[in-house]
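One-letter residues, chain by chain:
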Protein chains: 2
Amino acid sequence: MSGNGPDERAGAAADGAGGWPVDLTGVTETVVTTLGPNGLWNAAALGVFTGDEDGDSDSGAASKPPTATAKTWGNTRTRRNFRRQGEGYVQFVDDPVTFVDAALSISEHEAPVLESAAAWTRVAVESIDRGTENGTEWVAWRLRPLESAIERETVPTINRGFGAVVEATVAASRLGVVGYDDDQLRERLAYCESVVERAGGPRERAALERVRECADW
Amino acid sequence: MSGNGPDERAGAAADGAGGWPVDLTGVTETVVTTLGPNGLWNAAALGVFTGDEDGDSDSGAASKPPTATAKTWGNTRTRRNFRRQGEGYVQFVDDPVTFVDAALSISEHEAPVLESAAAWTRVAVESIDRGTENGTEWVAWRLRPLESAIERETVPTINRGFGAVVEATVAASRLGVVGYDDDQLRERLAYCESVVERAGGPRERAALERVRECADW
């Protein structure tokens, strides 16, 4: 709502320094901003994995908060900036257009915290694993929360159009990638489109247009 | 969190009497409870439609809040109770198991407001249209908010597993229904299952198990 620098927000920190501002389970789709060599903050989609019942014991002691990890795929800005800076801002957004822009386009900003972030966490990142899948190099990162703030809370609502935009984004990002079937992806995109037409609001429809513009679809 | 009778909650009313406790756009998937002849409140899934940019003018004057409508399909408990009572409680839930139970099973409760409702609105309902599609009689209802309360707000997070549970519920409810292709629905269910396995947390996995139990899947 208000400014978008993190400094004046530290007072709103959720759990003091250290914790996440929300309970994370499974994979939470977030937007991460990382500082690039051009002095701008690059926004990209990042799936944050949290161990549930298995009780990840990466950190040695049985400590809270749970270990959060994320993978970068390929030689992306996020990977390069993580490596150079060792940190980034993980953001919880609920605007579908912001999510699509981060996932499918180059989205650069002067400040690390986006207008549409409902909450954010500054994290220290450390690479813990790497590998190659279908010719794409991935790096796994451990995310350690340093500082968090909640900007705004909402009554949770369920909109199938919103979910369909997220699925469309995932499918679109895989078009032309080795290991995925383009016909199947396009079929899924058509289904997502029908759901957005039926159940989405204006922001979901705008977001799907952005998917169409950004992807080869 | 606390009790589940609406009376002591009126003080928390969002917009005073009359409004919805959230901005609604497109179709919002809710759970509605309606009082049955057995004295119990029946919980069922209800998609609430709100006119966006078109500016629905059903109510004559250009008045806020926007007109909300919903359709019941077939001779359901919700339709019968709407007809008998002329009202119900529309609830905004974020627990996937509650949503699946309401959508796919007979779910009856002693109190109108569910434990897992983040917010609720008591609505007066009036049938405004009816028709038949593929042999199923539908009735369209106008929903007029009478009283609302917010129980709890959250930082919005995106979990693909949650969206996949909602999609699985829709697909499962159409299995065996004239006008839908079972093979296509089962393919969609398999995809939803793969997303829940990959991205869901424990509640999403439990919810998908419920879909499997309730539906012929």
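Coordinates for the structure precede this section.
The rules we used
Residues numbered from 1 in each chain as written. Chains lettered and ligands numbered in written order. Predicted model: local features only at pLDDT ≥ 70, side-chain atom pairs only at ≥ 80, totals over all residues. Heavy atoms only, no water. Helix = DSSP H or I, 4+ residues; strand = E, 2+ residues; numbered from the N terminus. Buried < 20%, exposed > 50% of the residue type's maximum accessible area, 1.4 Å probe, protein only. Contact = heavy atoms within 4.5 Å. Areas by Shrake-Rupley, 256 points an atom, 1.4 Å probe, with all protein chains shown as cover. Least-squares fit on C-alpha atoms with pLDDT ≥ 70 in both. Pairing = 2+ DSSP bridges. Axes fitted to C-alpha atoms, helices over the stretch in contact; angles between N-to-C directions. Parallel < 35°, antiparallel > 145°, perpendicular 65-115°, else oblique. Nonpolar A, V, L, I, M, F, W, Y, C, P; charged D, E, K, R; others polar. Phe/Tyr/Trp six-rings, centres within 6.5 Å; stacked < 30°, edge-to-face > 60°. Salt bridge = Lys/Arg side-chain N within 4 Å of Asp/Glu carboxyl O.

Caption draft 1: How the structure looks around the overall build of chain A. Summing up its helical and strand segments, chain A has five helices and seven strands in all. Reading chain A from its N end, one meets helices and strands in the order β-β-β-α-β-α-β-β-β-α-α-α. Counting only residues that meet the buried cut, chain A has 48% of its 217 residues in that class. Within chain A, counting contacts between residues at least 6 apart in sequence, those at least 24 apart form 71% of the total. With an accessible surface of roughly 9900 Å², chain A has 46% of that area assigned to carbon and sulfur atoms.

Caption draft 2: Representation of the relation of the copies chain A and chain B. Superposition of chain A onto chain B requires a rotation of 180° combined with a translation of 0.0 Å along the rotation axis, giving an RMSD of 0.0 Å. In the structure described here, the two chain copies are related by an operation that fits a two-fold rotation axis. Of the residues that chain A buries at the interface, 98% are likewise interface residues in chain B, meaning the two copies contact each other through the same surface.

Caption draft 3: A look at the pairing of strand E6 (residues 117-133) of chain B. Residues and elements named next belong to chain B. Bridge analysis of strand E4 (residues 87-93) against E6 gives seven bridges, and the strand direction is antiparallel. By the bridge assignment for E6, valine 90 is matched with threonine 121. Here 14 bridges tie E6 to strand E7 (residues 136-150), and the two strands are oriented antiparallel to one another. Bridge pairing in E7 places threonine 132 opposite glutamate 137. Joining the antiparallel neighbours E6 and E7 is a turn of two residues, in which asparagine 134 adopts a positive phi near 50°.

Caption draft 4: Structural detail: helix H1 (residues 77-85) of chain A. Residues and elements named next belong to chain A. Turning to H1, its buried residues number three or more, namely Thr78, Arg79, Asn81 and Phe82. In the core, the buried residues of H1 are packed alongside strand E1 (26-35), strand E2 (41-50), strand E3 (68-73), strand E4 (87-93), strand E6 (117-133) and strand E7 (136-150). Once H1 ends, the next one or two residues include glycine 86, with phi positive near 70°.

Caption draft 5: Region of interest: the packing of helix H3 (residues 160-174) of chain A against helix H5 (residues 202-214) of chain A. Residues and elements named next belong to chain A. At their nearest, the axes of H3 and H5 sit 10 Å apart, and the two run at 10° to each other. As summarised for this structure, H3 and H5 are arranged roughly parallel, according to the angle between their axes. Counted together, Gly161, Phe162, Val165, Ala168, Thr169 and Ala172 of H3 and Glu204, Ala207, Leu208 and Val211 of H5 form the full contact between these two elements. For the contact of H3 with H5, the residue count by class is seven nonpolar, two polar and one charged.

Caption draft 6: Up close: the packing of aromatic side chains. Residues and elements named next belong to chain A. Tallying each qualifying case throughout the model produces eight aromatic pairs over all chains. Each ring, one from tryptophan 20 and one from phenylalanine 92, has its centre 6.5 Å from the other, and the planes form 80°; the classification is edge-to-face. Here phenylalanine 92 lies in strand E4 and tryptophan 20 lies in the segment before E1, a separation of 72 residues in the sequence. There is no split in this pair, since tryptophan 20 and phenylalanine 92 are both buried.

Caption draft 7: Quick look at the pattern of salt bridges. Here the structure, examined in full by the defined rule, presents 22 salt bridges over all chains. Among the salt bridges present, the one from A:Arg152 reaches A:Asp94, with a minimum N-O distance of 3.3 Å. Here the residue A:Arg152 occupies a position in the loop between E7 and H3, and A:Asp94 occupies one in the loop between E4 and helix H2 (96-104), the gap between them amounting to 58 residues. Judged by its relative accessible area of 26%, A:Asp94 is partly exposed. For B:Arg210, the salt bridge goes to B:Glu213, with nearest N and O atoms at 2.8 Å. Placement of the pair is B:Arg210 and B:Glu213 together in helix H5 (residues 202-214), with a separation of three residues, close to one helical turn. In this structure B:Glu213 comes out as exposed when scored by relative accessible area, which is 53%. If you follow the salt bridges from partner to partner, you end up with A:Glu87, A:Arg122 and A:Glu147 in one network.

Caption draft 8: Spotlight on the pairing of strand E1 (residues 26-35) of chain B. Residue and element names in this part refer to chain B. Among the ten residues in E1, nine count as buried, and that is most of the element. Sheet analysis places E1 next to strand E2 (residues 41-50), joined by ten bridges and oriented antiparallel. Bridging across to E2, threonine 30 finds its partner in leucine 46. Counting the residues in the hairpin turn of E1 and E2 gives five residues, including glycine 39, whose phi is positive at 80°. As paired elements, E1 and E4 share three bridges and run antiparallel to each other. Paired with threonine 33 across the bridge in E4 is tyrosine 89.

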